[in-house]
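# Survey of secondary and tertiary structure
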Amino acid sequence: MKLSNETLGLLREKSQFSEQVDLPKYDREKTKIGIVHLGLGAFHRSHQAYYTECALNQFGGDWGICGVSMRSTWLKESLDPQDCLYTIAKMDVTSEYQVIGALKEVLVAAKQVDQVLARMSHADTKVVTLTVTEKGYCLNSDGKIDLTHPGIQHDIATPSAPQTAIGLLVESLKTRQQNSIEAFTVIACDNLPENGSKLKAAVVQLAQQQDQALADWIQSHVCFPSTMVDSITPKTEDSEIERISAVLTVQDDAPVQREMFTQWVIEDEIKGEVPAWDKVGVIFTNDVSAFEHTKLRILNGLHSTLAYMGRLAGYELVSQAVADPKLKAFLLRMVANEVIPSIKPPQGLDLTQYSRDIIKRFENPKVAHQLEQIACDGSIKIPVRILEPLQQNLSNGVEVKDYYLVVAAWIRFIWNKQQTSAQFNDPRADELLSLVAQFTGDAAQDIELFLSVPNLLPNAFADNQSFKQNLVAAYQAVIAAGDDFTSVLD
Ligand code: CS2
């Protein structure tokens with residue numbers, strides 16, 4: 001039997017599970033859709049949908065979610081037969097399971113663009129949330145919309161059938177403006193600093209391409225709070241699907257797994273209605289940028305560090321890499337000497353304790369997080385997670401050593417991919433692979449070549465001789481270490 005509205009009724013009656021399983025406590029049938037989510041992936045289902053579910057369980061309201069996959073159809077195919085129900089497995093020493101009912105509809109933008117736009121333009125829709133990954137914002141390296149991006153070019157030429165999340169926002173806001181329907185609140189939930197302001201700028205810039213009055217209306221009527229989102233959510237492997245279904249006693253083809261820890265911080269500037277998130281643990285604050293920088297530089301920065309270094313050292317999972325004493329010692333040293341000095345923390349947060357807690361979260365053996373999953377999209381993640389704090393330390397006169405090794409490990413990781421023809425996921429994959437194919441093994445020449453790529457590293461580094469020398473030295477050390485990668489960490 002499959003998880004569905006019908007079997008949910010049976011599970012309610014039975015309610016004798018071998019482990020803790022929570023079921024929806026509200027009437028799903030009567031709950032209207034009030035949220036559209038763009039970029040329906042595991043993270044949204046384990047995080048924002050979870051908070052909405054908690055708010056629905058306690059306070060009700062018309063806060064069902066329409067989840068939109070941008071292109072892929074597999075989630076729709078798995079979730080439709082389950083009436084969009086799925087389970088979150090929260091993994092810790094003892095694990096907990098929760099069936100989520102908040103998701104009420106799944107659409108695929110590439111195939112159902114009219115339905116997606118109709119849902120976004122509907123007066124019942126009060127909130128649009130997004131997890132479209134860093135590359136989904138279609139920004140160039142100075143934070144402006146990338147007008148050469150093929151999706152953006154398509155959306156300028158054909159605004160009524162957009163392909164990008166930015167285009168969907170512009171088109172649906174245009175319909176709302178024309179029909180005098182109040183704007184929805186747009187909540188960006190990707191790992192980018194000032195994600196709300198960046199998204200707003202991109203949406204306004206795209207609107208300007210068709211109509212200045214629309215751009216002005218968006219500028220003054222639409223609220224784009226910035227947010228910090230946090231909960232480690234690895235891809236759900238097939239073995240987990242079977243295990244979770246066994247706990248549930250019915251088959252769930254699309255569960256998600258995450259660690260028990262979860263945090264959501266939202267900029268306190270929302271004017272429209274939102275679910276009672278504030279009553280179920282979401283923090284609303286004026287200081288969101290401090291939370292974002294802290295989390296991006298500590299959690300995500302250390303994650304990327306472990307991903308590249310851990311792969312070079314031959315590990316598969318985060319928990320295995322962090323169990324290597326040399327890698328763990330490196331993380332602790334780097335965080336103390338280079339990461340924390342680059343951060344202005346939110347008031348009252350002890351950064352040393354915060355980073356220790358994060359390293360403990362990495363150690364969670366129940367969370368099987370593939371390093372390759374984190375290693376993807378480095379050309380977008382490395383600037384935010386590593387290069388910005390590196391640059392800030394240089395300007396503040398803080399000595400930098402370890403950050404250079406992280407950049408060198410990233411470059412070596414790309415070179416390894418090219419050498420072994422292994423799968424390499426990055427929006428600039430082709431360009432990067434053909435670049436490293438020209439490497440000669442001479443660190444100075446190779447780094448010179450790498451730094452010559454336009455819009456890869458921040459412009460400020462282009463003529464910085466000391467940056468270049470330090471990176472060459474780090475890369476030379478990585479080459480010299482060969483297969484014994486962790487010897488460079490001594
Ligand atoms: C990770 C994040 O894949 C990655 O880049 O660093 O997905 C990380 O697990 C989340 O931001 C945790 O909140």
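About the criteria used
The written sequence of each chain sets the order in which its residues are numbered from 1. Reporting in this predicted model follows two pLDDT cut-offs: at least 70 for local features of residues, and 80 or more for side-chain atom pairs to be given and counted; totals over whole chains, interfaces and linings ignore these cut-offs and use all residues. Runs of H or I in DSSP of at least four residues are treated as helices and runs of E of at least two as strands, each being numbered from the N terminus. Radius of gyration here uses only the C-alpha atoms, and the compact-globule reference equals 2.2 Å multiplied by the residue count raised to the power 0.38. Exposure classification rests on a simple neighbour count of other C-beta atoms within 10 Å of a residue's own: a residue reaching 20 or more is buried, one at 12 or fewer is exposed, and one in between is partly exposed. C-beta atoms are placed from the backbone. Remark: residues whose backbone-derived C-beta atoms lie within 7 Å of one another are considered to be in contact. UniProt positions are given in the numbering used here, feature names are shortened, and annotations may be inferred rather than shown by experiment. Any two strands between which DSSP finds at least two bridges are classified as paired. Every angle, taken between N-to-C directions, lies between 0 and 180 degrees, and every axis is a line fitted to C-alpha atoms, over only the stretch in contact when it is a helix. Among buried residues, those of type Ala, Val, Leu, Ile, Met, Phe, Trp, Tyr and Cys that are joined through C-beta atoms within 7 Å form a set called a nonpolar core. All domain edges in this entry derive from an automatic or database-based domain assignment. Placing the C-beta atom from the backbone, one calls a residue near a molecule or strand if that atom lies within 6 Å of it. The nonpolar class holds Ala, Val, Leu, Ile, Met, Phe, Trp, Tyr, Cys and Pro. Asp, Glu, Lys and Arg form the charged class, and all remaining residues, Gly among them, are polar. Per-residue confidence from the predictor is reported as pLDDT, a score between 0 and 100. An angle below 35 degrees is treated as roughly parallel, one above 145 as roughly antiparallel, one from 65 to 115 as roughly perpendicular, and anything else as oblique. For any pair of crossing helices, the crossing counts as left-handed if the nearer helix is rotated counterclockwise from the farther one by less than a right angle, and right-handed if it is rotated clockwise.

## Description of the overall build of the chain
- A tally of helices and strands in the chain yields 20 helices and 12 strands.
- Against the compact-globule benchmark of 23 Å for 490 residues, the chain has a radius of gyration of 23 Å, which places it among compact chains.
- Once the C-alpha set of the chain is aligned to its principal axes, its extents read approximately 65 × 60 × 45 Å.
- Classification of the 490 residues of the chain by burial places 47% in the buried group.
- Looking at the chain alone, contacts between residues at least 24 apart form 78% of all its contacts between residues at least 6 apart.

## A closer look at the UniProt feature "domain: Mannitol dehydrogenase N-terminal" (unreviewed entry) in the chain
- Listed under "domain: Mannitol dehydrogenase N-terminal" (unreviewed entry) in the UniProt record, and renumbered for this structure, are residues 34–279.
- Secondary structure content for residues 34–279 is 37% helix and 20% strand, and the end C-alpha separation is 18 Å.

## Quick notes on the UniProt feature "domain: Mannitol dehydrogenase C-terminal" (unreviewed entry) in the chain
- Mapped onto this numbering, the UniProt entry annotates "domain: Mannitol dehydrogenase C-terminal" (unreviewed entry) at residues 287–478.
- Each end of residues 287–478 is marked by a C-alpha atom, and these two atoms are 39 Å apart; helix forms 68% of the span and strand 0%.

## Brief notes about the sheet that holds strand β5 (residues 96–100)
- Across the sheet, which stays open at both edges, the four strands sit in the order β1-β5-β4-β10 with mixed pairing between neighbours. Across the chains shown, the open sheet's two edge strands, defined by having one partner strand only, are β1 (20–22) and β10 (256–259). With direction set aside, neighbouring strand axes in the sheet form an average angle of 20°.
- Where β1 lies against β5, three bridges are found, and the strand directions are parallel. In the strand pairing of β5, Gln20 is matched with Glu96.

## Points about the nonpolar core
- Counting residues in hydrophobic clusters, the biggest one holds 85 residues, and the most contacted among them are Ile100, Val128, Ile166, Leu169, Val186, Ala202 and Val203.
- Domain assignment of the residues forming this core places at least three in each of domain 1 (5–285) and domain 2 (289–489).
- In this structure Val203 touches Ile166, Leu169, Val170 and Ile218, once residues within four positions along its chain are discounted.
- Among the nonpolar cores identified, the runner-up in size contains 58 residues, and Ile374, Ile411, Val472 and Ala474 belong to it.

## Concerning the site of the ligand
- The immediate surroundings of the ligand are formed by Asn191, Asp230, Ser231, Ile232, Leu299, Asn300, His303, Gln373, Ile374 and Lys381.
- When contributions to the shell around the ligand are tallied by element, the ones reaching two or more residues are α11 (288–312) and α15 (371–375).
- If you tally residues by element for the shell around the ligand, the top one is α11, at three residues.
- Of the residues in the shell around the ligand, the class split is three nonpolar, five polar and two charged.
- Shared between two domains, the shell around the ligand takes at least three residues from each, and those domains are domain 1 (5–285) and domain 2 (289–489).

## A few points about the sheet that holds strand β9 (residues 227–230)
- If you trace the three strands from one edge of the open sheet to the other, you get β9-β11-β12, paired in mixed fashion. Of all strands in the sheet, those bounded by a partner on one side alone are β9 and β12 (283–285). Averaged over neighbouring strand pairs, the angle between their axes works out to 15° when direction is ignored.
- Sheet topology note: the β9/strand β11 (residues 263–267) ladder contains four bridges and is antiparallel.

## Comments concerning the environment of Ala290
- Along the chain, the position of Ala290 falls in helix α11.
- Ala290 sits in the partly exposed class, given 18 other C-beta atoms within 10 Å.
- Residues Ala290 and Ile374 lie 84 residues apart in sequence; the distance between their C-alpha atoms is 23 Å.
- Discounting chain neighbours no more than four positions away, the residues touching Ala290 are Lys344, Pro345 and Pro346.

## What about the confidence of the model for the chain?
- On average, the chain scores 96 in pLDDT, and the residues at 70 or more come to 100%.
- Reported confidences for the modelled complex are a pTM of 0.96 and an ipTM of 0.99.

## Quick notes on the environment of Asp238
- On the secondary structure map, Asp238 appears in helix α10 (residues 238–248).
- In this structure, the C-alpha to C-alpha distance between Asp238 and Tyr50, residues 188 residues apart in sequence, is 22 Å.

## What about the packing of α11 against helix α13 (residues 325–339)?
- Contact geometry for α11 and α13: axes closest at 11 Å, N-to-C directions at 140°. Looking at the two axes, α11 sits oblique to α13. Helix-helix and strand crossings are classified by hand; for α11 and α13 the assignment is right-handed. Of the residues in α13, those touching α11 at Arg297, Ile298, Gly301, Leu302, Thr305, Leu306, Met309 and Gly310 are Leu327, Leu331, Met334, Val335 and Val339.
- Classifying every residue of the contact of α11 with α13 by side-chain character gives nine nonpolar, three polar and one charged.

## Overview of the domain arrangement of the chain
- According to the domain assignment, the chain contains domain 1 (5–285) and domain 2 (289–489).
- On a C-alpha basis, the centroid separation for the pair domain 1 and domain 2 is 30 Å.
- Contacts between the two partners involve 22 residues from domain 1, matched on the other side by 22 residues from domain 2.
- Each residue belonging to the side of domain 1 that touches domain 2 can be placed in one class, and the counts come to eight nonpolar, six polar and eight charged.

## Focus on the environment of Ile218
- With respect to the secondary-structure elements, Ile218 resides in helix α9 (residues 212–221).
- Discounting chain neighbours no more than four positions away, the residues touching Ile218 are Leu173, Val203, Val204 and Ala207.

## Some remarks on unusual backbone geometry
- We note that Cys138 has phi near 50°; this positive angle belongs to a residue other than glycine.
- Its place among the elements puts Cys138 in the loop between β7 (127–130) and α6 (150–157).
- Even without a glycine there, the phi angle at Ser421 is positive, about 50°.

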